[in-house]
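Topology and contacts: notes
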Protein chains: 2
Amino acid sequence: MPATPPRRLADLPPGLARLCLGVGAFAASQGCDFAPLRVLVACSGGADSTALLLVARLLTERAGGYIIAAHLDHGLRPESSADARFVADLCAALDIELACESADVAAIAKEHGCGLEEAGRLARYAFFERLRQERGADVILVAHQLNDLAEDQLLRLVRGAGWPALGGMRAFDPDRTLLRPLLLTPRREIEAFLRGVGQSWRTDETNALPCATRNRMRLDVLPALTRENPAYLDAAARLWRQARLDAGHEEEQVRAVLSQLPPAAPDGARLLPAEVLAPLPAPLFLRVVKAALDALGPGQALADSLFRLEELWRGRACGKRIRFPGDKEARIVKQGLILQVIDRKKDCG
Amino acid sequence: MPATPPRRLADLPPGLARLCLGVGAFAASQGCDFAPLRVLVACSGGADSTALLLVARLLTERAGGYIIAAHLDHGLRPESSADARFVADLCAALDIELACESADVAAIAKEHGCGLEEAGRLARYAFFERLRQERGADVILVAHQLNDLAEDQLLRLVRGAGWPALGGMRAFDPDRTLLRPLLLTPRREIEAFLRGVGQSWRTDETNALPCATRNRMRLDVLPALTRENPAYLDAAARLWRQARLDAGHEEEQVRAVLSQLPPAAPDGARLLPAEVLAPLPAPLFLRVVKAALDALGPGQALADSLFRLEELWRGRACGKRIRFPGDKEARIVKQGLILQVIDRKKDCG
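My aim in this report is to walk through the structure given alongside it, one point at a time. (Residues numbered from 1 in each chain as written. Chains lettered and ligands numbered in written order. Predicted model: local features only at pLDDT ≥ 70, side-chain atom pairs only at ≥ 80, totals over all residues. Heavy atoms only, no water.)

A separate point is the overall build of chain A. Helices and strands together make up the secondary structure of chain A, namely 13 helices and ten strands. Along the first, second and third principal axes, the C-alpha atoms of chain A reach 75 × 45 × 45 Å. Here chain A, with 349 residues, has 50% of them falling under the buried criterion. A separation threshold of at least 6 residues defines the contact pool for chain A, and within that pool the share at least 24 residues apart is 68%. In the form shown here, chain A has an accessible surface area of approximately 16,200 Å², with 52% of it arising from carbon and sulfur atoms. (Helix = DSSP H or I, 4+ residues; strand = E, 2+ residues; numbered from the N terminus. Buried < 20%, exposed > 50% of the residue type's maximum accessible area, 1.4 Å probe, protein only. Contact = heavy atoms within 4.5 Å. Areas by Shrake-Rupley, 256 points an atom, 1.4 Å probe, with all protein chains shown as cover.)

Put into structure tokens, the structure is as follows:
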């Protein structure tokens with residue numbers, strides 16, 4: 001690590017300064033111009049989050065924002081305390097306040113009956129959110145970049161996601177006050193930035209093990225696609241942009257339809273009146289019904305069941321019922337579509 | 001080959017008869033119930049097209065349709081004349097009229113400056129279409145199945161396709177009078193069908209060579225995804241269904257907007273009036289502009305340029321121009337957006 005990491009944009013070569021400004025402009029275009037805010041930066045010590053910390057430092061310095069860094073030691077790898085020391089040294093050199101904690105991720109995995117990766121994720125985000133509230137930060141910055149996004153799209157493809165979910169994770173999630181400013185920056189540019197400013201980083205060796213679906217996407221599938229199309233990451237970024245545009249428009253359309261619905265009955269049953277549903281094109285019908293089913297409680301409506309329901313609805317198949325996970329039911333009646341959670345005991349009694 | 005391939009659905013075990021009826025119902029759901037029609041069935045002798053010929057025979061037999069089989073000998077592999085003999089024997093056993101021709105695909109590739117795969121495709125479809133017109137067939141049946149569709153989706157992903165193109169090839173293309181009745185049938189079921197009726201097929205060994213992007217998708221990427229999710233083909237079929245629904249709806253929306261445009265100017269310039277564009281949500285704006293640019297002539301509008309244009313439009317950046325392939329230009333003016341092909345000579349003169 002150099003004695004003096006860059007503290008002002010003017011200290012950087014023009015190409016690297018442009019990268020920083022581009023990251024800030026991207027965040028602003030997503031509805032979260034973080035530079036003048038109080039931000040919590042999640043930092044593992046890897047290349048992506050080390051670069052994020054530097055870039056956020058440069059941008060907040062310039063715009064009057066304030067940074068708190070957060071590091072969670074997962075205690076799973078022998079190197080993890082060295083990672084924590086690396087982040088502490090980096091923050092000291094950058095004059096950034098650091099909150100560092102340890103978590104017993106193996107115990108959390110056991111308790112929740114989930115894998116280590118999932119347990120680590122749960123522990124990290126719980127820590128970041130608690131810290132955000134305690135320190136009054138406006139937003140949490142995490143370091144997902146374009147290669148992560150391309151992996152995420154492949155994971156979603158594998159798991160059978162539809163459009164626009166297939167486009168991948170959001171850049172700004174206001175519900176979680178979570179921002180991913182590097183989301184359209186390729187890993188290659190991030191490492192070039194760090195080398196350009198003479199900044200080292202820590203390497204998580206477990207990322208190179210094909211032990212999780214995500215790692216196999218990273219190690220096998222993504223390189224196979226990039227061999228066929230060297231500009232594959234650009235294509236992934238374009239797909240993401242299109243998905244975000246479509247998602248925003250769809251959410252608006254669905255909200256507009258849902259706002260026309262009568263209130264739910266005392267037993268929770270919800271009528272989607274025929275006169276509201278009739279003018280909807282099939283894609284919007286499916287999304288409205290899915291949103292209304294989701295609002296009934298836990299349980300994801302399956303696409304095949306929704307397709308079937310749409311066919312039955314189009315055929316005006318009065319009296320037909322389709323069941324959905326979470327004991328939900330859609331029933332076609334003369335007045336429209338009734339959605340409700342079925343009381344199993346009552347149903348059998 | 002058995003002496004007597006099945007001639008009537010009633011001769012089949014119930015599971016196999018159901019598969020045939022499902023194929024017919026799928027075609028009907030796509031707007032082309034081919035069973036009572038005069039159909040041209042493309043048959044290479046491989047498993048997929050052999051099964052397609054049998055299934056089409058059973059369904060047309062029952063509904064009063066008529067089949068002409070078509071086989072093009074590409075003359076590229078030593079086995080190709082044996083393939084042609086196999087198809088001739090099969091058609092004789094099924095009592096189906098066969099049109100068989102040879103093409104010098106290597107010469108076509110040289111002439112068009114394209115690869116052998118592309119040249120074979122060009123020669124095949126030209127042959128099928130000529131034959132369809134000569135024999136007065138209503139529709140051409142080709143044997144793409146669900147594994148081909150999943151490969152096609154991956155190819156489109158690699159090449160940077162957007163939504164809904166990413167969902168893959170159509171099942172029925174009325175412009176090319178082309179139908180793919182097996183599009184949602186997995187290869188596994190097709191081979192099980194052939195084994196179930198005791199029907200052999202020919203194997204194209206070149207399908208197993210990783211020499212083309214398509215083959216590498218088939219041999220490397222698709223198996224990698226199917227290892228992660230054994231139901232991956234179901235997910236591919238769901239993605240296709242959603243894409244077809246969305247595509248149909250989008251085409252309608254775009255058509256409705258285009259129908260409101262004033263006629264093109266004598267020099268071919270097209271004005272998209274501000275009052276037509278203003279109420280459009282961003283996704284529809286992009287699709288309308290793309291369709292209007294496509295209508296100007298050859299040259300695919302790039303998504304990134306369209307995104308940029310949409311940003312400029314939203315910013316009311318009067319006077320700004322964006323160039324598109326095919327010497328097309330979009331110019332923002334007070335009255336709206338002017339699209340036209342730029343005369344290069346005039347431009348420089």
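So much for the structure itself; the text now carries on.
Expressed as a screw transformation, the operator carrying chain A onto chain B has a rotation angle of 180° and an axial translation of 0.0 Å, and the superposed copies differ by an RMSD of 0.1 Å. Both copies are brought into coincidence by an operation consistent with a two-fold rotation axis. Among all C-alpha atoms of chain A, that of Val221 of chain A lies closest to the rotation axis, at 3.1 Å. Here 100% of the interface residues in chain A have copies in chain B that are interface residues too; the copies meet face to matching face. (Least-squares fit on C-alpha atoms with pLDDT ≥ 70 in both.)

Residues and elements named next belong to chain A. Spatial ordering of the open sheet is given by E3-E2-E1-E4-E6-E5, a layout of six strands whose pairing is mixed. Across the chains shown, the open sheet's two edge strands, defined by having one partner strand only, are strand E3 (97-102) and strand E5 (172-173). Pairing analysis gives three bridges linking strand E1 (residues 38-42) to strand E4 (residues 139-141), with the strands arranged parallel. Each bridged residue has a counterpart across the sheet, and for Val41 the counterpart in E4 is Leu141. Sheet strands in contact with helix H3 (residues 80-94) are strand E2 (66-73) and E3, and its direction is about 170° off that of E2. (Pairing = 2+ DSSP bridges. Axes fitted to C-alpha atoms, helices over the stretch in contact; angles between N-to-C directions.)

Moving on: the pattern of salt bridges. Under the counting rule described, the total for this entry stands at 48 salt bridges over all chains. Here Arg170 of chain A and Glu251 of chain A are joined by a salt bridge, their closest N and O atoms 3.8 Å apart. Here Arg170 of chain A is found in the loop between helix H6 (146-158) and E5, whereas its partner Glu251 of chain A is found in helix H9 (residues 232-258), with 81 residues between them in sequence. Judged by relative accessible area, which is 31%, Arg170 of chain A ranks as partly exposed. Residue Glu251 of chain A is classed as partly exposed on the basis of its relative accessible area, which comes to 36%. With a closest N to O distance of 2.8 Å, Arg132 of chain B and Glu129 of chain B form a salt bridge. Of this pair, Arg132 of chain B and Glu129 of chain B both sit in helix H5 (residues 116-135), three residues apart, which is roughly one turn of that helix. For Glu129 of chain B, a relative accessible area of 24% translates into the label partly exposed. (Salt bridge = Lys/Arg side-chain N within 4 Å of Asp/Glu carboxyl O.)

Attention shifts here to the packing of aromatic side chains. Considering all chains together, one arrives at nine aromatic pairs over all chains under this definition. Ring plane angle 0° and centroid distance 5.2 Å describe the contact between Trp163 of chain A and Trp163 of chain B, whose orientation is recorded as stacked. Taken together, the residues Trp163 of chain A in the loop between H6 and E5 and Trp163 of chain B in the loop between helix H6 (146-158) and strand E5 (172-173) connect one chain to another. On the basis of relative accessibility, which here comes to 4%, the residue Trp163 of chain A falls in the buried class. Put simply, the rings of Tyr125, Phe127 and Phe128 of chain A touch in pairs and so form one group of aromatic residues. One residue, Arg176 of chain A, lies across the ring of Tyr125 of chain A, its end atom 5.0 Å from the ring centre. Arg316 of chain B extends its terminal NZ or CZ atom over the ring of Trp313 of chain B, reaching a point 4.7 Å from the ring centre. (Phe/Tyr/Trp six-rings, centres within 6.5 Å; stacked < 30°, edge-to-face > 60°. Lys NZ or Arg CZ within 6 Å of the ring centre and 35° of its normal.)

Another aspect to go through is the interface of chain A and chain B. Between chain A and chain B, the residue contacts involve 34 residues of the former and 34 residues of the latter. Surface buried jointly by chain A and chain B totals about 3,100 Å² across both partners, of which 67% is contributed by carbon and sulfur atoms. There are six salt bridges connecting chain A and chain B. Arg238 of chain A serves as the salt-bridge partner of Asp304 of chain B, at 3.6 Å between the closest nitrogen and oxygen. There are ten residue pairs in polar contact (both at pLDDT 80 or more) connecting chain A and chain B. Of all the elements in the fold, those that place two or more residues in the side of chain A that touches chain B are H6, helix H8 (213-228), H9, helix H11 (282-294) and helix H12 (303-314) of chain A. If one sorts the elements of the side of chain A that touches chain B by residue count, H9 of chain A sits on top with nine residues. (Buried area = accessible area lost by both parts, 1.4 Å probe. Polar contact = N/O pair within 3.5 Å; in protein donor to acceptor, adjacent residues only side chain to side chain.)

Glancing now at the pairing of strand E10 (residues 336-341) of chain A. Within a regular beta strand, the side chains point alternately toward one face of the sheet and then the other, so they alternate between its two faces. All names here are of chain A. Burial analysis of E10 places five of its six residues in the buried class, the great majority of the element. Across four bridges, strand E7 (residues 270-273) lies against E10 in antiparallel orientation. Counterpart to Pro273 in the pairing with E10 is Gly336. In this sheet, E10 lies alongside strand E9 (residues 328-333) in antiparallel orientation, the contact comprising six bridges.

Here we take up helix H2 (residues 47-63) of chain A. Side chains that are three or four residues apart share a direction in an α-helix, a result of its 3.6 residues per turn. Residue and element names in this part refer to chain A. Taking 1.5 Å as the rise per residue, H2 with 17 residues should run 24 Å; its terminal C-alpha atoms sit 24 Å apart, in good agreement. Most of H2 sits inside the fold, with 14 of its 17 residues counted as buried. Of the residues flanking the end of H2, it is Gly64, one or two places downstream, whose phi is positive at about 85°. (Expected span 1.5 Å × (residues − 1).)

Attention shifts here to the pairing of E2 of chain A. Residue and element names in this part refer to chain A. Counting buried residues in E2 gives seven out of eight residues, a clear majority hidden from the surface. Where the polypeptide runs from E1 across H2 and back to E2, its parallel neighbour, the crossover connection is right-handed. In this structure, E2 lies alongside E3, joined through six bridges in parallel fashion. What sits directly across from Leu72, in E3, is Glu101. Handedness of the crossover joining E2 and E3 through H3: right-handed. (Right-handed = clockwise from strand over helix to strand, strands pointing away.)

The next subject is H5 of chain B. All names here are of chain B. In a regular helix each residue adds 1.5 Å, so 20 residues correspond to 28 Å; H5 covers 28 Å between its end C-alpha atoms and thus fits that length. Every buried residue belonging to H5 is among Ala119, Gly120, Ala123, Tyr125, Phe127, Phe128, Leu131 and Arg132, and all of these are buried. Along its buried surface, H5 packs onto strand E1 (38-42), strand E2 (66-73), strand E3 (97-102), helix H4 (105-112), strand E4 (139-141) and strand E6 (178-179). One or two positions beyond H5, positive phi appears at Gly136, with a value near 65°.

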